[in-house]
Amino acid sequence: FKVAATHKPCTKGIWLWSKPIPRTSADGSTYHLILLDTEGIDAYDQTGQYSTQIFSLAVLLSSLFVYNQMGGIDEAALDRLSLVTEMTKHIQVRSHEDGGEKGSSDLGACSPNFLWLLRDFFLDLSEEGAEITAKEYLEIALRPVSGSSAATQAKNDIRQSIKGLFPDRDCYTLVRPVTNERDLQRLGEVQLEAMRPEFQAELQVLLARVFAKATPKSLGRTMLTGGMLAGLAETYVAAINNGAVPVISTAWQGVTEGECRRAAEEAEEAYVQALMSSDPGGEGPQDLDRLALAHEAALAQALHVFHAAAVGEGEVRQNFEGRLRKALSARHSDMESRLQAAAAAKCAELASAASGRLHKATRDAATDVPSLAEMAYDELKGLLACSRLGAAGGKISE
């Protein structure tokens, strides 16, 4: 991301770092960290509504939200975060039909970890003569202000919104990276080794904290993949651009429907492949008994594929599983009908040939009754063998 000593913002909107960063969780599982850089909320050439939209989208997409500013936390710094109050008016966790209401405490359950980064920090962190941590400094700044005026109420609303939206919050400070003003203006070109030793040390601690807090993004008990995150981003952006209120549950339902649909398609393909490969010739089972066994095995394989790829725990997932089972049952019934039809046609052909041979034998004066009965019995055994391959018994009796 570009860094420049200019009054004009280097970032417009939200930028995505082009290459995900591989990471390993404490349990040994791997994931990719995606970095987003957003336009500043106080850019001089943007409206408050635009800043709220950018801020809201960044919060909705993140598992860790790093809010950085220069200097300490004062009333002006808190006032710049007044858009948090506005954000809680423009996002819902659930739709009105599901009893959803707008509010920071409701959003807090879906919000990311929050890290307030104070750059070029020079203040002495102490309270009543005792040293305090940066996190304690943040909590002190978020304490309600005494008073009953409208201005005081507005200040406390901002504090309450920040605490409600970000229940898991932290603060960290960084000293100025260089002392020379000229180096500060070209900071993007200065090597890390040339920066102040205390800044380098603090930066390493910050990186460790960021990596520890930047856990995989999840909604409920589902960890998001890249495709899911992209689907959520599209839904949120469409809602914001259309002037609607982004509803987290509605966006998530759209993602789960897409993922469950893809999982059902993959499962159906797995069913067909398993069914066809059950026969050495690759054409599937050629009799009803083998078809029944192959169907049960293929169905189990298909459901395994579906549950491995599907997301969500509720009605959407259950509906797609139900549709999948119906589709696979229909495939089984179709193949069963085709086997029965083919076997019936084969039995009819064999019955016609057997009838011709018996008719011819009856006209042969050399054929006695015992021989004719034995011949008829052999022909009947052949027809019964055919029926076991899938023909309807009624066809033979006729």
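Quantities reported herein were computed from a predicted structural model and do not represent experimental measurements. Residue numbers here run from 1 along each chain, matching the order of that chain's written sequence. Whole-chain, interface and lining totals are the exception, using all residues; otherwise, since this is a predicted model, local features are given only for residues with pLDDT of at least 70 and side-chain atom pairs are given and counted only at 80 or more. Values shown for side chains rest on all heavy atoms present in the structure; no hydrogens or waters enter the calculation.

Student: Explain the overall build of the chain to me, please; I cannot follow it from the model alone.
Tutor: Put simply, DSSP marks the helices as runs of H or I at least four residues long and the strands as runs of E at least two long, and each gets a number from the N terminus on. What the chain contains, in helices and strands, is 14 helices and eleven strands. Contact criterion: two residues are considered in contact whenever any of their non-hydrogen atoms come within 4.5 Å of each other. Expressed as a percentage of contacts within the chain between residues at least 6 apart in sequence, the contacts between residues at least 24 apart total 66%. Note on areas: these come from Shrake-Rupley sampling with a 1.4 Å probe, and a residue is covered only by the protein chains present in the view. In the structure as shown, the chain presents an accessible area of about 23,000 Å², 52% of it carried by carbon and sulfur atoms.

Student: Honestly, the packing of aromatic side chains in this entry has me stumped. Any pointers?
Tutor: Where two aromatic rings form a pair, the distance of their centres and the angle of their planes describe that pair. Put simply, two rings from Phe, Tyr or Trp (the six-membered ring, in Trp's case) pair if the centres are within 6.5 Å, and we call them stacked under 30 degrees between planes, edge-to-face over 60, tilted for the rest. Under the counting rule described, the total for this entry stands at eight aromatic pairs. Pairing Tyr 67 with Phe 114 gives two aromatic rings, centres 6.4 Å apart and planes at 20°, and the pair type is stacked. Taken together, the residues span a long stretch of sequence, with Tyr 67 in strand β5 (residues 64-70) and Phe 114 in strand β6 (residues 113-119) at a distance of 47 residues. Each residue is assigned to one of three classes by its accessible area relative to the maximum for its type, calculated with a 1.4 Å probe on protein chains only: buried under 20%, partly exposed between the two thresholds, exposed over 50%. Judged by relative accessible area, which is 8%, Tyr 67 ranks as buried.

Student: Before we go on, may I ask you to explain the confidence of the model for the chain in this structure?
Tutor: Any segment with low pLDDT has predicted coordinates that should not be analysed in fine detail. pLDDT gives the predictor's per-residue confidence on a scale running from 0 to 100. The share of residues in the chain with pLDDT of 70 or more is 84%, and the mean pLDDT across the chain is 81. Highest mean pLDDT in the chain belongs to strand β9 (residues 169-173) (94); lowest belongs to helix α14 (residues 393-397) (38). For residues 390-398, every residue scores under 50 in pLDDT, and the model assigns this stretch twelve contacts once sequence neighbours within four places are set aside.

Student: Please clarify how the nonpolar core should be interpreted in this entry.
Tutor: Soluble globular proteins tend to bury their nonpolar side chains together. Grouping buried Ala, Val, Leu, Ile, Met, Phe, Trp, Tyr and Cys residues that are joined through side-chain atoms within 4.5 Å yields what is termed a nonpolar core. Formed by 28 residues in total, the largest nonpolar core has its most connected members in Phe 55, Ile 73, Leu 81, Trp 116 and Ile 162. Sorting the residues of this core by element identifies α1 (48-61), β5, α2 (75-80), α3 (83-90), β6, α5 (134-141) and α6 (150-165) as the ones contributing at least two each. Among the elements that take part in this core, α5 stands out by supplying four residues, more than any other. The next biggest cluster of nonpolar side chains, apart from the first, holds 23 residues, and it includes Cys 260, Ala 270, Leu 324 and Leu 339.

Student: Please clarify how the pattern of salt bridges should be interpreted in this entry.
Tutor: Where side chains of opposite charge bring their charged atoms close, a pairing between them can arise. Salt bridge, as used here, is a side-chain nitrogen of Lys or Arg placed within 4 Å of a carboxyl oxygen of Asp or Glu. Under the defined criterion, the tally for this structure stands at twelve salt bridges. Between Arg 159 and Glu 75 there is a salt bridge; the shortest N-O distance is 2.9 Å. With Arg 159 in helix α6 and Glu 75 in helix α2, this pair connects stretches of sequence that are 84 residues apart. On the basis of relative accessible area, Arg 159 is assigned to the buried category, the value being 6%. For Glu 75, a relative accessible area of 33% corresponds to the partly exposed category. Note that Arg 196 is salt-bridged to Glu 198, the shortest N-O span being 2.8 Å.

Student: I keep staring at helix α9 (residues 226-241) and nothing clicks. Help me out?
Tutor: What sets the pattern is the α-helix's 3.6 residues per turn: residues three or four places apart point alike. Helix span is expected to be 1.5 Å times the residue number reduced by one. The end-to-end C-alpha separation of α9 is 22 Å, in line with the 22 Å expected for 16 residues at 1.5 Å each. For α9, the complete set of buried residues consists of Met 228, Gly 231, Leu 232, Tyr 236, Ala 239 and Ile 240. All buried residues of α9 project into a common sector of 160° when viewed along the axis, lining one side. Away from its buried face, by an angle of more than 90 degrees, α9 presents the exposed residues Gly 226, Gly 227, Glu 234 and Asn 241. Gly 243 lies just past α9 and shows a positive phi near 75°. In this context, the arc is that of the directions from the helix axis out to the C-beta atoms.

Student: For this particular structure, what's the right way to read the packing of helix α11 (residues 288-309) against helix α12 (residues 315-362)?
Tutor: How two helices pack is summed up by the angle between their axes together with the distance between the axes. The N-to-C vectors of α11 and α12 enclose an angle of 160°; their axes lie 11 Å apart at closest approach. In terms of orientation, α11 lies roughly antiparallel with respect to α12. In terms of crossing hand, the pair formed by α11 and α12 is right-handed. Note on element contacts: α12 touches α11 through Arg 317, Phe 320, Glu 321, Leu 324, Arg 325, Leu 328, His 332, Met 335, Glu 336, Leu 339 and Gln 340, opposite Leu 288, Leu 291, His 295, Leu 299, Ala 302, Leu 303, Phe 306 and His 307. Lines fitted to C-alpha atoms define the axes here, with helix axes fitted over just the stretch in contact, and angles between the N-to-C directions of these axes take values from 0 to 180 degrees. Between 65 and 115 degrees an angle is taken as roughly perpendicular, under 35 as roughly parallel, over 145 as roughly antiparallel, and anywhere else as oblique. When the near helix sits turned anticlockwise from the far one by under a right angle, the crossing is termed left-handed; a clockwise turn instead gives a right-handed crossing.

Student: Sorry if this is basic, but what is going on with the side chain of Asn 113 here?
Tutor: Residue placement: Asn 113 occurs in strand β6. A distance of 3.0 Å separates a polar side-chain atom of Asn 113 from the backbone oxygen of Lys 213. The contact partners of Asn 113, leaving out residues within four places of it in the chain, are Ser 63, Leu 64, Phe 65, Asp 168 and Lys 213. Polar contact is defined as a pair of N or O atoms within 3.5 Å, subject to the rule that within protein one atom must be able to donate a hydrogen and the other to accept it, and that residues adjacent in sequence are counted only when both atoms are side-chain atoms.

Student: Just to check I follow, could you spell out a nonpolar patch on the surface for this structure?
Tutor: On the surface, Leu 16, Ile 34 and Leu 36 cluster together into a nonpolar patch covering about 250 Å² of accessible area. Mapped onto the elements of the fold, Leu 16 is located in strand β1 (residues 14-16). Think of a patch as exposed residues, more than 30% relative accessible area, with no salt bridge, where like charges cluster within 9 Å and nonpolar side chains (Val, Leu, Ile, Met, Phe, Trp, Tyr) cluster within 5 Å.

Student: Explanation requested: the environment of Thr 173 in the structure shown.
Tutor: Structurally, the position occupied by Thr 173 is in strand β9. Separated by 55 residues in the primary sequence, Thr 173 and Leu 118 have C-alpha atoms spaced 4.7 Å apart.

Student: Would you mind going over the sheet that holds β9 with me for this structure?
Tutor: Backbone hydrogen bonds hold the strands of a sheet together, and the pairing may be parallel or antiparallel. Any two strands with at least two DSSP bridges between them are considered paired. The parallel open sheet is built from three strands, whose spatial order is β5-β6-β9. The strands lining the two open edges of the sheet, one partner per strand, are β5 and β9. In this sheet, adjacent strand axes meet at a mean angle of 20° when their direction is disregarded. Where β5 meets β6, seven bridges bridge the pair, whose relative direction is parallel. Bridge pairing in β6 links Met 70 to Arg 119.

Student: Is there a simple way to explain unusual backbone geometry in this structure?
Tutor: Glycine aside, the phi torsion of most residues is negative, and most peptide linkages are trans. Positioned with a positive phi, Asp 120 is a non-glycine residue whose angle comes to about 50°. Tracing the backbone shows Asp 120 in the loop between β6 and β7 (126-127). Phi is positive for Glu 128, which is not a glycine, with a value near 55°. Inspection of the secondary structure puts Glu 128 in the loop between β7 and β8 (130-131). You can call Glu 128 exposed: its relative accessible area is 81%.

Student: Looking at this model, I keep getting lost on the pairing of β6. Mind explaining?
Tutor: Look at any regular strand and the pattern is simple: side chains alternate between the two faces of the sheet. Of all seven residues in β6, six are buried; the element is thus mostly enclosed. Alignment of β6 against β9, held across five bridges, turns out to be parallel. Paired with Phe 114 across the strands is Arg 169, a residue of β9.

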